[in-house]
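Summary of the model geometry
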Amino acid sequence: MILIKDGRLIDPSQGLDGEYDILIREGRVEKIGPRGSIGVEGCEVIEAEGLWVIPGMIDMHCHLREPGYEYKETIRTGTLAGLAGGFTALVAMANTDPVNDDASVTRYILEKAEKEGMCRVCPVGALTRGMKGENLSDIGELREAGVVALSDDGRPVARSEIMRRGLEYAKAFDLPIISHCEDPDLSKGGVMNEGRVSTLLGLKGIPSISEVIMIARDIALAGFTGGRLHIAHVSTREGVQLIREAKAKGIEVTAEVTPHHLTLTEEALKDFDTNAKVNPPLRTEEDREALIEGLKDGTIDVIATDHAPHSPVEKEVEMDLAAFGMVGLETALPLMLRLVEEGVLEPLSLFEKVTVNPARILGIEGGSLRQGSRADAVLIDPGKEWVVDPSLFHSRGRNTPFKGWKMKGKVVKTILEGKVVYG
Amino acid sequence: MRKDLLGIKDLSSREIEVLLETAERFKEVSEREIKKVPTLRGKTIINLFYEPSTRTRTSFEIAAKRMSADTINISASSSSVVKGETLLDTARNLEAMNPDAVVIRHPFPGAPHMIAKEIKASVINGGDGAHEHPSQALSDLLTVKEKKGRIEGLLIVIAGDIAHSRVARSNILAFKKMGAVVRVVGPPTLIPYGIEDMGVEVSYDLGEAIKDADVIMMLRIQLERQKGGFFPSLREYSALYGLNLEKLKSARRDVVILHPGPINRGIEIAPEVADGPYSLILNQVTNGLAVRMAIFYHLLGGKE
Amino acid sequence: MARARIIMDGRDIERTLTRLSHEILERNKGAEDLVLLGIATRGRFLAMRIRDKIKEIEGIEVPFGVIDPTLYRDDIGRTTTQPPLKEMEIPLPIDDKKVILVDDVLYTGRTVRAAMDALMDFGRPKLIQLAVLIDRGHRELPIRPDFVGKNIPTSLSEEVRVHLKECDGVDEVVLKERDEG
């Protein structure tokens, strides 16, 4: 038995924020009681005085790169980075090689995760075969093998007909479709947000309308089909507004935002830092503020990292040639805590975006420390200051624009099914 | 001075003045019978060109030679680029040969900046994509200053494909820094988003825009832009945005015309305008040489 | 505070230039084929004054120019910032002319060396002579002046400054301690 003692428990699934002790037995939460109310006899005690205790975070959107791109990341290094960042479950996107469009690939990922993974891995199946946007994958078999959602993330589904059929077909399996909303025609050749900075730098822009037009389409299709739509990494003010309106109309749509879109703007590219090249691109301050507003009013349900590790081969090149994406697992928590520090969100509403909400959308266990649930928990020192040094990352990817940033808040321990696996 | 010249953006107006004053002095060297000074004896300058450019490369090369530097030209077609070597690897390899300066022309914005961070030699941006072309802008400043006696308070009209033009960007920054008023004109599809934030006026009507101009700078239109859907046809572009004698009638009598070259005669500029009395196109070439000598002088001289 | 002492005033300078003009004419047996070339900046004004005096004495206007040795300096690249370029105006042709280089202070000789190299790029003079207002010693090259206004023995910690009306508003020669830093 393990007793986590004297900490501040923040568990949005139960609406708890206060001093509670947590007793864990055989990987499950046995009991929760006010500070000092649970006897320590026969327990291994984890002293959490001054620390925050939250359910293990779920990253609803990351790229673990295995199989196929092990030089960028592996399931082992990715899940280790996850633990270090406070995540106990990672939702892995399907753009591996081979693409996870087939039950055999899903099984491979899950077996590999079982053998080498440090935390839970929940695979996303490709919506279309080869992510080519032409024919649906064998969705039923993928579901059977264990995928938690469907997505062609990284490649927008250009054809409306395919998106329609996907939303319809997935209803039979109660799987959400995670949509990377981008009109490939409008953003063709673009490397950053089309705006003041792209004009100054002479870089080809990706206009905000490229995202907005696809969010509008997908919402319309979700309304039309009754399918479950989840908008990945929304980045634009108009996009947030469309989702807000759709929710008001009762359309079944959820949405996520990344820590980097909440923190940075297009200005981050001013000195040609390829690590700030992401898709969707970092937008304007106005967009950033709208994203925060969307988080506050519940329009945006989830914060997800879009952790996209790349090797120097893909990043130490000209901006036009650099790959999109940045790593996020090991910097997400302190970036999120800035929202608490700035008074934007209460801890309870912040952590619901990475615990109970993604669990509910994906229909997976976790994200809660309710009595009887999986004992996945994270102990955080919210005041701990540290400086980002990518060479110390557990991830293979070092591609972060936050190098040298002074951060506040760090994971002290990560507990997976009752076992301390990190810290 | 500074180690690198990556863009007009980084220069103060004082630095620009110093470069222009130096360039004015250097013009004399090119008028001598023996067009050579020993100033950069023993220095090595590499011209690393990832885009074909006779004009700019030749100008940099002559500038370096007239100052007694050794020059080496590397062009993309003959270099290891084709073998798939990354830009940084190429830069590191060049660095191993200990050059004093690398002039780089590259189709992608930011390429010179990337190299500058990596190597000890001075890096001079000879044009990076649609970003900057600082030596061209300095030479245009010198040309206008010589002709008009000043920059401050002049109205400069830059016409054509603003969106894809590094000459436009560097010149907007340069003329603004020196106190001129800048107006850009072109079809709306070729005026980039947020250009007003650079402090310029925007117009879509060439005839209207040049009426009160002191200087008209015509940009080269890339013929492939038509395929990109930026304008319907060259015929229409030429009719609306080409500078001909008819349109020029509405301009001031003392207006001067610049073009960074090479010219599409009869498309963005009519031959009789390009070769006419208002045209400073050849002065730009002469001044370009002097400006590049001044750039070498200041970058390769004082080391911290 | 730096100690400063005026060692020549305006009248001293005038008298000295008059004497130098006479010496130049005497040595060269008149003004024929002479070219006066001032080393920028102050040598230019001294050369102009000598030209005017020669005209008074001989009634002949000697061709006059300015030479800027900067691009021929031997310390290019050794300083943190490059020296500004000055004017260059050589009265061509100089082939077979007797060129009198004029400068304010002769010190290490390096400036004169650079000026001579610059001059050679413009042609082949019959001879070059050097006229200076002040020779303060401490030569680092085998260069000697043909015409000296005043020899002033100095220590290396001292500085000789020539001020001329044309650019400084006053005619004087000042000897002072070198500013530290």
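Residues numbered from 1 in each chain as written. Chains lettered and ligands numbered in written order. Predicted model: local features only at pLDDT ≥ 70, side-chain atom pairs only at ≥ 80, totals over all residues. Heavy atoms only, no water.

With that settled, the discussion passes to the overall build of chain C. Secondary structure summary: chain C contains 4 helices and 8 strands in total. In chain C, the order of α-helices and β-strands from amino to carboxyl end is β-α-β-α-β-β-α-β-β-β-α-β. The C-alpha radius of gyration computed for chain C amounts to 16 Å, which stays within 12% of the reference 16 Å derived for 181 residues, consistent with globular compactness. By residue count, 52% of the 181 residues in chain C fall in the buried class. Within the structure as shown, chain C displays about 9,000 Å² of accessible surface, and the carbon and sulfur contribution to it stands at 48%. Each charge sign in chain C was given a centre, from 30 positive and 34 negative side chains, and these centres are 2 Å apart. (Helix = DSSP H or I, 4+ residues; strand = E, 2+ residues; numbered from the N terminus. Rg over C-alpha atoms; globule rule 2.2 N^0.38 Å. Buried < 20%, exposed > 50% of the residue type's maximum accessible area, 1.4 Å probe, protein only. Areas by Shrake-Rupley, 256 points an atom, 1.4 Å probe, with all protein chains shown as cover. Lys, Arg positive; Asp, Glu negative; His and termini not counted. Charge placed at Lys NZ, Arg CZ, Asp CG, Glu CD.)

Listed per partner, the contact involves 18 residues of chain B and 16 residues of chain C. Contact between chain B and chain C buries roughly 1,500 Å² in total, counting both sides, with carbon and sulfur atoms accounting for 59%. Its largest share of buried area at the contact with chain C, chain B owes to Arg 25, Arg 32 and Tyr 297 of chain B, together 35% of the area lost on that side. Inspection of the chain B/chain C interface yields 0 salt bridges. The tally of links from chain B across to chain C stands at 6 residue pairs in polar contact (both at pLDDT 80 or more). Only α1 (13-31) and α11 (281-300) of chain B provide two or more residues apiece to the side of chain B that touches chain C. Among the elements that take part in the side of chain B that touches chain C, α1 of chain B stands out by supplying 5 residues, more than any other. (Contact = heavy atoms within 4.5 Å. Buried area = accessible area lost by both parts, 1.4 Å probe. Salt bridge = Lys/Arg side-chain N within 4 Å of Asp/Glu carboxyl O. Polar contact = N/O pair within 3.5 Å; in protein donor to acceptor, adjacent residues only side chain to side chain.)

Next up on the list: the interface of chain A and chain B. Between chain A and chain B, the residue contacts involve 17 residues of the former and 21 residues of the latter. Counting each side, the surface lost to burial between chain A and chain B is near 1,500 Å², with a carbon and sulfur contribution of 64%. One can count 1 salt bridge joining chain A with chain B. Residue Glu 316 of chain A is joined to Arg 92 of chain B by a salt bridge in which the shortest nitrogen-to-oxygen separation is 3.9 Å. Put simply, chain A and chain B have 3 residue pairs in polar contact (both at pLDDT 80 or more) between them.

With 2 pairs of chains in contact overall, the greatest share of contacts is found between chains B and C. The two partners chain A and chain C share no contact, and the minimum distance between any of their C-alpha atoms is 26 Å.

Residue and element names in this part refer to chain A. Contact pair helix α7 (residues 237-248) / helix α9 (residues 285-296): the axes reach a minimum separation of 8 Å and the direction vectors enclose 25°. The angle between α7 and α9 falls in the class roughly parallel. Taking contact as the criterion, the partners of Arg 237, Glu 238, Val 240 and Arg 244 in α7 are, on α9, Glu 286, Asp 287, Ala 290, Leu 291, Glu 293 and Gly 294. A class-by-class count of the residues in the contact of α7 with α9 yields 3 nonpolar, 1 polar and 6 charged. (Axes fitted to C-alpha atoms, helices over the stretch in contact; angles between N-to-C directions. Parallel < 35°, antiparallel > 145°, perpendicular 65-115°, else oblique. Nonpolar A, V, L, I, M, F, W, Y, C, P; charged D, E, K, R; others polar.)

Residues and elements named next belong to chain B. The interhelical angle for the contact between helix α2 (residues 54-66) and α11, taken along N-to-C directions, is 55°, at an axis separation of 8 Å. By the criterion of interaxial angle, the relationship of α2 to α11 is oblique. The way α2 lies across α11 gives a crossing that is right-handed. Residues Arg 55, Thr 56, Ser 59, Phe 60, Ile 62, Ala 63, Ala 64 and Arg 66 of α2 pack against Val 285, Gly 288, Leu 289, Arg 292, Met 293 and Phe 296 of α11. Looking at the contact of α2 with α11 residue by residue, the class counts come to 8 nonpolar, 3 polar and 3 charged. (Left-handed = near helix turned anticlockwise from the far one by under 90°.)

Now for the packing of aromatic side chains. In this structure the tally under the stated criterion is 7 aromatic pairs over all chains. Here the aromatic rings of Phe 60 of chain B and Phe 296 of chain B are separated by 5.9 Å at their centres, their planes lie at 65°, and the arrangement is edge-to-face. Of this pair, Phe 60 of chain B sits in helix α2 while Phe 296 of chain B sits in helix α11; the two residues are 236 residues apart in sequence, bridging distant segments of the chain. Here Phe 60 of chain B and Phe 296 of chain B have matching classes, each one buried. Summarising the aromatic geometry, the rings of Tyr 237 of chain B and Tyr 241 of chain B are spaced 5.7 Å apart at their centres and angled 40° between planes, so their arrangement reads as tilted. Linking Tyr 237 of chain B with Tyr 241 of chain B, this pair stays in helix α8 (residues 234-241), spanning 4 residues, or about one helical turn. Here Tyr 237 of chain B falls in the buried class, since its relative accessible area comes to 2%. Just above the ring of Tyr 69 of chain A sits the side chain of Lys 72 of chain A; from NZ or CZ to the centre is 5.6 Å. Directly above the aromatic system of Trp 386 of chain A lies the positively charged group of Lys 410 of chain A, at a separation of 4.5 Å from the ring centroid. (Phe/Tyr/Trp six-rings, centres within 6.5 Å; stacked < 30°, edge-to-face > 60°. Lys NZ or Arg CZ within 6 Å of the ring centre and 35° of its normal.)

Turning to the pattern of salt bridges, a few remarks are in order. A complete count under the given rule lists 70 salt bridges over all chains for this structure. One salt bridge in this structure joins Glu 161 of chain A and Arg 165 of chain A, with 3.0 Å as the shortest N-O distance. With Glu 161 of chain A and Arg 165 of chain A both in helix α4 (residues 160-170), this residue pair falls 4 residues apart, about one helical turn. Relative accessible area serves as the criterion here: at 34%, Arg 165 of chain A is assigned to the partly exposed category. The salt bridge partner of Asp 171 of chain C is Arg 49 of chain C, with a shortest N-O separation of 2.9 Å. Here Arg 49 of chain C lies in helix α2 (residues 42-58) and Asp 171 of chain C lies in the loop between α4 (165-168) and β8 (172-177), a separation of 122 residues in the sequence.

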